[in-house]
Amino acid sequence: MQGHAPARGGARTAHPRPPADDKTCASQREGGKNERRQNDENAPHGMVPAFVHAEIYPKDHPYHLLTIGSPEDLDSATFEDVKQFFRTNYVPNNCTLVV
């Protein structure tokens, strides 16, 4: 259809493209850390959910930590870790359709 952008989510999931190299991976890492600073650390009361979740959920529960991860987690992730994450999580059987 003219004037409509093609749906890309399915293609992205079927053929995931992790960052192409270490430089791109490092750039994305810094973007993630900046997003955390903007949305959580520098926002008034931004870290309250993190403190609440840390208290009410056990350490092995997925909600115990913020979804974006800690700066230490982001810094310790290797390019190989990122590629494995894409291979594991960006797959068609891990999709959710909301109508």
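Residues numbered from 1 in each chain as written. Predicted model: local features only at pLDDT ≥ 70, side-chain atom pairs only at ≥ 80, totals over all residues. Heavy atoms only, no water.

> Help me understand the overall build of the protein, please; the structure alone is not making it clear to me.
The helix and strand inventory of the protein stands at five helices and zero strands. Across the 99 residues in the protein, those meeting the buried criterion constitute 18%. A sequence separation of at least 24 residues applies to 65% of the contacts in the protein between residues at least 6 apart. Of the accessible surface of the protein, which amounts to about 8100 Å², a share of 55% is contributed by carbon and sulfur atoms. (Helix = DSSP H or I, 4+ residues; strand = E, 2+ residues; numbered from the N terminus. Buried < 20%, exposed > 50% of the residue type's maximum accessible area, 1.4 Å probe, protein only. Contact = heavy atoms within 4.5 Å. Areas by Shrake-Rupley, 256 points an atom, 1.4 Å probe, with all protein chains shown as cover.)

> Explanation requested: a nonpolar patch on the surface in the structure shown.
A contiguous nonpolar patch, built from Val48, Val52 and Ile56 and spanning about 250 Å² of accessible area, is present on the exposed surface. Tracing the backbone shows Val48 in helix α3 (residues 48-56). (Patch = residues over 30% accessible without salt bridge, like charges linked within 9 Å, V, L, I, M, F, W, Y side chains within 5 Å. Salt bridge = Lys/Arg side-chain N within 4 Å of Asp/Glu carboxyl O.)

> What is the right way to read the side chain of His64 from this model?
Relative to the helices and strands, His64 resides in the loop between α3 and α4 (71-76). Residue His64 is classed as buried on the basis of its relative accessible area, which comes to 11%. Of note is the side chain of His64, whose polar atom sits 3.4 Å from the backbone oxygen of Ala54. If near-sequence neighbours (up to four positions away) are discounted, His64 is found in contact with Ala50, His53, Ala54, Tyr57, Pro58 and Lys59. (Polar contact = N/O pair within 3.5 Å; in protein donor to acceptor, adjacent residues only side chain to side chain.)

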